[in-house]
Amino acid sequence: MKTIRKISAVSLLCLSLFTVVTVSCSEENEPPTIQEIQNRNHQNAKTQFVDSKGNKIAYRILGKEDGIPLVLLPGLGGSMDDWDPAVTDGLAKKYKVILFDNKGVASSQGNTPNTVQEMADDAIDFIKALHLNKVNIMGFSMGGFVAQRVVLTNPGLINKVILTGTGPQGAIGLSNLPNIIAGTAGLSPEASFLKFGFTESAQSIGAGKAAYARIQLRTTDRDPVLSDATSNSQFTAVLSWAQQDVNALTVLKNIKNPVLIVHGENDLPVSVQNAKNMAQNLEHSELVIFPDSGHASFFQNHDAFVAKAVEFLGK
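*Asks:* Would you explain the pattern of salt bridges in this entry?
*Replies:* Should their charged atoms come close, side chains of opposite charge can pair. What the rule picks out here adds up to 12 salt bridges. Note that R60 and D81 form a salt bridge whose closest N and O atoms lie 2.8 Å from each other. Remark: D81 occurs in the loop between strand 4 (70–73) and helix 3 (85–92) and R60 occurs in strand 3 (residues 55–63); sequence separation between them is 21 residues. For the residue pair R60 and D81, the accessibility class agrees, reading buried in each case. Between D84 and R214 there is a salt bridge, with the nearest N and O atoms lying 2.6 Å from each other. Here D84, found in the loop between strand 4 and helix 3, pairs with R214, found in helix 8 (residues 202–215); they are 130 residues apart in sequence, far enough to count as distant. By the burial criterion, D84 is buried, and R214 matches it.

*Asks:* Whenever I open this one, unusual backbone geometry confuses me. Can you help?
*Replies:* Comment: phi is negative for the bulk of residues other than glycine, and the bulk of peptide bonds are trans. Located in the positive-phi region is K53, a residue other than glycine, with phi close to 50°. Within the secondary structure, K53 is located in the loop between strand 2 (48–52) and strand 3. Classification of K53 by relative accessible area gives exposed; the value is 69%. A positive phi angle, near 55°, is found at S141, a position not held by glycine.

*Asks:* I'm lost on empty space enclosed by the protein in this one. Help?
*Replies:* If a probe the size of a water molecule is rolled over the atoms, the empty space left behind becomes visible. Taken as a whole, the largest cavity spans an internal volume of roughly 140 Å³. Of all elements in the fold, only helix 4 (116–129) and helix 5 (142–153) reach the threshold of two or more residues within the lining of the largest cavity. Considering each element in turn, the lining of the largest cavity owes the most residues, three residues, to helix 5.

*Asks:* Explain helix 13 (residues 302–314) here, please?
*Replies:* For the α-helix, the turn length of 3.6 residues means that residues three or four positions removed from each other point alike. Taking 1.5 Å per residue as the helical rise, helix 13 with its 13 residues ought to reach 18 Å, and the 18 Å between its terminal C-alpha atoms agrees with that figure. When helix 13 is considered as a whole, its buried residues turn out to be H302, F305, V306, K308, A309, V310, F312 and L313.

*Asks:* I would appreciate a short explanation of the packing of helix 3 against helix 13 in the present structure.
*Replies:* Helices that pack against each other are described as a pair by the angle of their axes relative to one another and the distance between those axes. The N-to-C vectors of helix 3 and helix 13 enclose an angle of 30°; their axes lie 9 Å apart at closest approach. With respect to helix 13, the axis of helix 3 lies roughly parallel. Helix 13 is crossed by helix 3, and the crossing has right-handed handedness. Here A86, V87, G90 and L91 of helix 3 lie close against helix 13, whose contacting residues are H302, F305, V306 and A309.

Conventions we followed
- Residues numbered from 1 in each chain as written.
- Predicted model: local features only at pLDDT ≥ 70, side-chain atom pairs only at ≥ 80, totals over all residues.
- Heavy atoms only, no water.
- Salt bridge = Lys/Arg side-chain N within 4 Å of Asp/Glu carboxyl O.
- Helix = DSSP H or I, 4+ residues; strand = E, 2+ residues; numbered from the N terminus.
- Buried < 20%, exposed > 50% of the residue type's maximum accessible area, 1.4 Å probe, protein only.
- 1 Å grid on protein atoms, 1.4 Å probe; cavity = no way out; pocket = protein on both sides within 12 Å on 5 of 7 lines; lining within 4 Å.
- Points joined across faces, edges and corners; volume = space filled by probe spheres on them.
- Expected span 1.5 Å × (residues − 1).
- Axes fitted to C-alpha atoms, helices over the stretch in contact; angles between N-to-C directions.
- Parallel < 35°, antiparallel > 145°, perpendicular 65-115°, else oblique.
- Left-handed = near helix turned anticlockwise from the far one by under 90°.
- Contact = heavy atoms within 4.5 Å.

And the structure:
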């Protein structure tokens, strides 16, 4: 059963969208202490590492100990520190939330692949390295591309999927990304964040500035910026995903897991039509479109998004 609702309320795509001060200091994977469990929020969660096929992969755990974890897959240029704490801490009130840097990204070792499928394979390897048999996944933008391939590659590992600001292979408008990026030349990090993620309305800009400020709040144990090699590989993967594929929507029909699709009505890099097309081709999907919202619609409408995501995951 599909429903469509409207709720009133990136480096490059995300390299520009998310730019923060970074200081990294982390330790090996160890059982959490009581104090660490109490401090499992966005600002205080300890960076840990797990070995995944010979590479140390960085991750943080927020929220609860039990239940099916929710693994978050960030967008182009994003790391663990580029999620809005209003979203991550909101979700962590009800669920165990796992943030991580995929192979070669920020604090994680290895070489970042230049295809979405290989990124999905690395994400699956990470989940298995944590000895998790079933997870929910949430992907933003490029992370949504990866999430689609994760569930198509290993559907039994995945319980439910949340896709935000993303689209199918050959996503409408995505091939124009280089031109969009060129239009942000000379902008400050905050201005780039607003340009990519929000609309030009006073309400959206105000929400964007508030989200940007929240993202800066973690001042210790931050991820380092992505390397040029990683940024180039991710950008190559995204541009490859942008190439037209006449079978892309047909492939999506193979996803039988429940999927929540969240999109901004005025998304600049990824047209809202992509979300509508995905909803029409996913058997168990629900679509939420936020008016007067851009690429980072779930940051702008964080309270409404968290409430909807919690409802969806709890069904």
